[in-house]
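Residue-level structural notes
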Amino acid sequence: MPETIETQFRYAEMVEAFEWLCRQRKHFPSSSDIWSFRASWERLRESLLDQVNTGRYCFSPLAAITKSDGKTIHLWCAQDALVMKLLVSRLTTNLDLSRTCTHIKGNGGLKASINRTQKALPHYQFVCKTDVKAFYESIDQHILMAQIDQHIKCKVMRRYLWQVVTRVIDKGGNILSCKQGISRGSALSPILGALYLRVLDTAFENIDLFYLRYMHGILILSKTRWQNRRAVKCLNRIFDELKMIKHPDKTFIGKIVTGFDFLGYQFDGKVLSVVGKTIKKHQESMRRLYEQQAKKKANPDELALRLNAYLQRWTRWCKAGLNKTTLETFCEPIPAHTNLGLKARMC
């Protein structure tokens with residue numbers, strides 16, 4: 001008798017995952033498999049759910065796709081992406097990840113991380129802020145699978161995760177096996193990344209420090225220089241065990257008053273502001289949107305409407321904790337009848 005997954009997926013969960021997939025890939029080109037998958041969804045859904053629950057589902061090779069800008073990405077097929085979304089819903093509740101890992105659903109997210117950091121700064125003097133260099137690509141598959149075996153009891157779930165971790169890539173008919181890292185961009189990537197760094201979260205629990213991790217961005221606040229040194233030593237030891245390397249351009253160790261950037265914001269213990277790099281990316285996005293609308297020959301009113309809509313969305317993103325003066329100064333609405341003068345405003 002074939003093994004089945006311990007807690008069966010319900011039909012409602014699959015429908016929810018399907019709706020998520022449709023939202024995620026609604027702008028994919030007509031040649032993408034998402035459209036044929038959507039067309040045959042009514043016919044496939046029951047058999048697909050049965051395959052997943054009975055442990056008979058097999059993941060397909062990733063497709064190597066070259067984009068118009070020359071970059072190559074590795075993409076899971078639509079059906080595989082849906083199944084991985086199903087697995088995420090179960091893993092989020094079963095893994096019991098640390099509350100300090102804030103990118104996990106239910107742990108606060110990016111805005112809660114910013115607010116918690118800003119609130120904690122007056123009580124500390126030193127900071128260690130770092131990021132993992134090429135995080136997903138540098139994950140050791142054997143260490144990750146050992147962690148999966150330790151924390152996940154269901155054999156079927158472990159088998160599915162093994163297929164995802166030890167993936168293969170179809171590159172023009174050549175099948176390439178991946179011996180290092182995990183894929184980017186899948187629904188499972190943040191969960192597997194959080195599991196991989198769980199030992200780091202555990203090491204900094206119940207210590208008189210402020211510790212927070214969002215994805216692979218790590219922040220440690222300490223009251224004394226000696227506490228900071230011990231935290232850095234512990235961090236380096238765990239990084240060595242996990243075969244991780246700190247990103248040299250995203251690492252800062254020193255006094256909080258010197259100022260540091262984290263998650264797109266600049267902190268100095270007093271004023272919270274948007275990092276210049278974040279503003280620059282915003283300006284580049286505005287330029288691209290302007291050029292796209294110009295190619296479509298949009299009139300000035302339509303142009304101003306689209307740019308202001310994007311500007312309002314970006315303002316909502318950066319609003320939490322940002323002082324009102326900065327918001328009003330930078331996010332001044334763009335008037336109608338705006339034409340080439342926009343480029344001067346954004347330079």
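Residues numbered from 1 in each chain as written. Predicted model: local features only at pLDDT ≥ 70, side-chain atom pairs only at ≥ 80, totals over all residues. Heavy atoms only, no water.

As for the packing of helix α4 (residues 78–94) against helix α8 (residues 155–165)
Counted only if it meets this: Helix axes are fitted only over the stretch in contact, all axes being lines through C-alpha atoms; the angle between N-to-C directions runs from 0 to 180 degrees. Helix and strand assignments follow DSSP, with helices taken as H or I runs no shorter than four residues and strands as E runs no shorter than two, numbered in order from the N terminus. An angle below 35 degrees is read as roughly parallel, one above 145 as roughly antiparallel, one from 65 to 115 as roughly perpendicular, and any other as oblique. Rotating anticlockwise by less than a right angle from the far helix to the near helix defines a left-handed crossing, while the corresponding clockwise rotation defines a right-handed one. Any pair of residues with heavy atoms lying within 4.5 Å of one another is described as a contacting pair. Gly is put with the polar residues, along with every residue not named as nonpolar or charged; the nonpolar set is Ala, Val, Leu, Ile, Met, Phe, Trp, Tyr, Cys and Pro, and the charged set is Asp, Glu, Lys and Arg.
Orientation of α4 relative to α8, taken along the N-to-C sense of each, is 130 degrees, at an axis distance of 12 Å. In this view, α4 runs oblique relative to α8, as classed from their interaxial angle. As α4 runs across α8, the sense of the crossing is left-handed. Contact residues: Met-84, Leu-87, Arg-90 and Leu-91 in α4; Met-157, Tyr-160, Leu-161 and Val-164 in α8. Grouping the constituent residues of the contact of α4 with α8 by class yields 7 nonpolar, no polar and 1 charged.

Some thoughts on the packing of aromatic side chains
For clarity, the cut-off: Only Phe, Tyr and Trp rings take part, Trp by its six-membered ring, and two of them pair if their centres are within 6.5 Å. Stacked means planes under 30 degrees apart, edge-to-face means over 60, and tilted covers everything else. Note on exposure labels: buried denotes an accessible area under 20% of the residue type's maximum, exposed denotes more than 50%, and partly exposed covers the range between, all computed with a 1.4 Å probe on protein chains only. Throughout this description, the term charge over a ring refers to an Arg CZ or Lys NZ atom that lies within 6 Å of the ring centre and within 35 degrees of the ring normal.
One pass over the full model with this rule turns up 10 aromatic pairs. Between the aromatic rings of Tyr-124 and Phe-210, the centroid separation amounts to 6.5 Å while the plane-to-plane angle is 55 degrees, which identifies the pairing as tilted. With a gap of 86 residues between them, Tyr-124 in the loop between α5 (109–120) and β3 (126–131) and Phe-210 in strand β6 (residues 210–214) connect regions that are remote in the sequence. You'll find Tyr-124 and Phe-210 in the same group, each marked buried. The ring of Trp-226 has Arg-229 lying over it, and the distance from NZ or CZ to the ring centre is 4.8 Å.

A word on the sheet that holds strand β1 (residues 62–66)
Rule in force here: By this definition, two strands are paired if DSSP reports at least two bridges between them.
Strand order in this open sheet of 4 strands is β2-β1-β4-β5, and the pairing throughout is mixed. Two strands lie at the open edges of the sheet, namely β2 (72–75) and β5 (174–177), each paired on one side alone. Going from strand to strand, the sheet's axes swing by 30 degrees on average, the running direction of each strand aside. Relative to β5, strand β4 (residues 168–171) is paired through 4 bridges, and the arrangement is antiparallel. Bridged to Asp-170 within β5 is Ile-175.

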